[in-house]
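Read off the chains here:
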Amino acid sequence: MMKIYISADIEGTTGITSWDETEKDKESYARFQEQMNREVKAACDGAIKAGAKEIWINDAHDSGRNLNPRLLPKNIKIIRGWAGHPFSMVQELDSSFDAVLFTGYHSHGGSRSNPLAHTMNPYDVDYIKINGEYASEFTLHAYAAAYVGVPSVFISGDKGLCEDAKRLNPNIRTVGVNEGRGASTISIHPDLAVEMIEKEVEEALKGDLSLCKIQLPKEFNLEIGYVSHTKAHRFSFYPGAKLVSSKVVAFTSEDYFEILRTILFLT
């Protein structure tokens, strides 16, 4: 029985350009919340066509209360809100799952590929790096999946993120729906995005899933760059962390779970 996990964000949903379109209390949010829901449903439909019998969905944006479960297939379980677990956007993911899919994801903090590019906390964190490379929320959680032996087989979001995912593992299926240009985006039609997501998810899950497994590094050198030096100073007192410049805190571990725990408390 194929068991699939979907982690759903919103800043990489088709057409999104402004923070207002991602916030529940703003007038423009409803239209893009609907598109987020459509893209998650498309991923579910593709997974079901490929043979998935059980689908877990993490509503992984902001308050975790964006998706409407009534618009999704009946064979889902949905995670809403935040438990505070270090796995964060892939909470409840474990080795019982066959694959993980990511929808609506966006480029890392410090990237030019999305006007809303950020990693984890967009207000306090400028960027996160692992072993000298910028890390997106996709990178962090694809590594979490690898930590429990689950392959990351599909991602939709902005074009820059999809290119980064291919560099991490060229076998990951991608659908690039937006392309950032400064404070603007160039997007495909939302109906086309839905069609492509369903098709690519189905193809991804019908393929050799083992090809999408990610090999974790033997050691992780975490670097968090903050917007304010005051945050960096405060968080440098976390056990094992050190202040390496006025706005940058570093932490090293051979255990990726410790990296996730550090990110949870330092962002």
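Residues numbered from 1 in each chain as written. Predicted model: local features only at pLDDT ≥ 70, side-chain atom pairs only at ≥ 80, totals over all residues. Heavy atoms only, no water.

Under the annotation held in an unreviewed UniProt entry, the protein chain carries the name D-aminopeptidase and is attributed to Clostridium colicanis DSM 13634.

**Focus: the UniProt feature "binding site: Zn(2+) 1" (unreviewed entry) in the protein chain**
What counts is decided by this rule: UniProt positions are given in the numbering used here, feature names are shortened, and annotations may be inferred rather than shown by experiment. Starting at the N terminus, helices and strands are each numbered in turn, a helix being any DSSP run of H or I of at least four residues and a strand any DSSP run of E of at least two. When a residue's accessible area, from a 1.4 Å probe over protein chains only, is under 20% of the maximum for its type it is buried; when over 50% it is exposed; and in between it is partly exposed. Only heavy atoms enter the contact rule, under which two residues are in contact if any of them lie within 4.5 Å. What qualifies as a polar contact is a pair of N or O atoms within 3.5 Å, subject to a donor-acceptor requirement within protein and to the restriction that residues adjacent in sequence count only when both atoms come from side chains.
Taking the numbering used here, the UniProt-annotated feature "binding site: Zn(2+) 1" (unreviewed entry) corresponds to Asp9 and Glu11. Structurally, Asp9 is set in the loop between β1 (2-8) and α1 (29-49). Overall, the relative accessible area of 2% leaves Asp9 in the buried class. Beyond its immediate stretch of four places on either side in the chain, Asp9 contacts Met36, Ala60, His61, Met89, Thr103, Gly104, Tyr105, His106 and Glu137. Of the polar contacts made by the side chain of Asp9, one reaches the side chain of His61; its length is 3.4 Å.

**Some details on the UniProt feature "binding site: Zn(2+) 2" (unreviewed entry) in the protein chain**
Sequence positions flagged by UniProt for "binding site: Zn(2+) 2" (unreviewed entry) are, in local numbering, Asp9, His61, His106 and Glu137. These residues run over 129 residues, yet every pair of their C-alpha atoms falls within 11.4 Å of each other. Here His61 is to be found in the loop between β2 (52-59) and β3 (76-79). Classification of His61 as buried rests on a relative accessible area of 5%. If near-sequence neighbours (up to four positions away) are discounted, His61 is found in contact with Ala8, Asp9, Ile10, Glu11, Thr22, Met36, Asn66 and Trp82. One polar contact links the side chain of His61 to the main-chain carbonyl oxygen of Thr22, over a distance of 2.7 Å.

**So, the environment of His141**
Structurally, His141 can be placed in helix α2 (residues 137-147). Considering only alpha carbons, one finds His141 and Phe154, 13 residues apart in sequence, at a separation of 13 Å. The residues contacting His141, other than those within four sequence positions of it, are Phe87, Ser88, Met89, Val90, Phe102, Tyr105 and Met120.

**What about the side chain of Gln91?**
Looking at where Gln91 falls in the secondary structure, it is placed in the loop between β3 and β4 (99-105). Residue contacts for Gln91: discarding those within four places in its chain leaves Tyr5, Asn58, Ile79, Gly81, Trp82, Ala83 and His85.

**Focus on the sheet that holds strand β6 (residues 133-134)**
Stated precisely, the cut-off is as follows: Only strands that DSSP links by at least two bridges are regarded as paired with each other. Between N-to-C directions, angles cover 0 to 180 degrees, with each direction set by a line fitted to C-alpha atoms, over the stretch in contact for helices.
Taken together, 5 strands build an open sheet; the order of strands is β6-β5-β10-β12-β11 and the sheet is antiparallel. Each having just a single partner strand, β6 and β11 (242-245) make up the two edges of the open sheet. In the sheet, strand β5 (residues 125-130) pairs with strand β10 (residues 220-226) via 5 bridges, with the strands oriented antiparallel. In the strand pairing of β10, Tyr127 is matched with Gly225. Its contacts with the sheet place helix α6 (residues 256-266) against β5, β10 and β12 (248-253), and it is angled at close to 10 degrees to β10.

**Thoughts on helix α3 (residues 159-168)**
Because the α-helix completes a turn every 3.6 residues, residues three or four places apart line up on one side. Listed as buried for α3 are Gly160, Leu161, Cys162 and Ala165. Against β4, α2, β7 (152-158) and β8 (173-181) lie the buried residues of α3. For α3, the side-chain oxygen to backbone nitrogen distance between the N-cap and Gly160 is 3.2 Å, and the N-cap itself is Asp158.

**Remarks on the packing of α1 against helix α4 (residues 190-206)**
We count it as follows: Note on terminology: angles under 35 degrees are roughly parallel, angles over 145 are roughly antiparallel, angles of 65 to 115 are roughly perpendicular, and the others are oblique. Helix crossings are classified by the rotation of the near helix relative to the far one: an anticlockwise turn of less than a right angle makes the crossing left-handed, while a clockwise turn makes it right-handed. When residues are sorted by character, Ala, Val, Leu, Ile, Met, Phe, Trp, Tyr, Cys and Pro go into the nonpolar class, Asp, Glu, Lys and Arg into the charged class, and all the rest, Gly among them, into the polar class.
Relative to each other, α1 and α4 sit at 30 degrees, their axes nearing to 7 Å. Considering their axes alone, α1 and α4 lie roughly parallel with respect to each other. Crossing of α1 against α4: the hand is right-handed. Taking contact as the criterion, the partners of Gln35, Arg38, Glu39, Ala42, Ala43, Asp45, Gly46, Ala47 and Lys49 in α1 are, on α4, Pro190, Asp191, Ala193, Val194, Ile197, Glu198, Val201, Glu202, Leu205 and Lys206. Split into classes, the residues belonging to the contact of α1 with α4 amount to 9 nonpolar, 2 polar and 8 charged.

**What about the sheet that holds β8?**
The 7 strands are arranged β3-β2-β1-β4-β7-β8-β9 in an open sheet whose pairing can be described as mixed. Taken across any chain shown, the strands that pair with only one partner, and hence form the sheet edges, are β3 and β9 (184-187). Strand-to-strand, the axes of this sheet are offset by a mean angle of 20 degrees, without reference to chain direction. Bridge count for β8 against β9 is 4 bridges, and the pairing is antiparallel. Across the sheet, the residue bridging to Asn178 is Ser187, located in β9. The strands that α4 touches are β1, β4, β7 and β8; relative to β8, the one it contacts most, it runs at about 145 degrees.

**Quick look at the state of the cysteines**
The condition that has to hold: Counting rule for disulfides: a pair of cysteine sulfur atoms within 2.5 Å.
Going through the model one piece at a time under the given rule, you end up with 0 disulfides. There is no disulfide at Cys162, and the cysteine sulfur nearest it, in Cys212, is 14 Å away. By relative accessible area, which is 5% here, Cys162 ends up buried.

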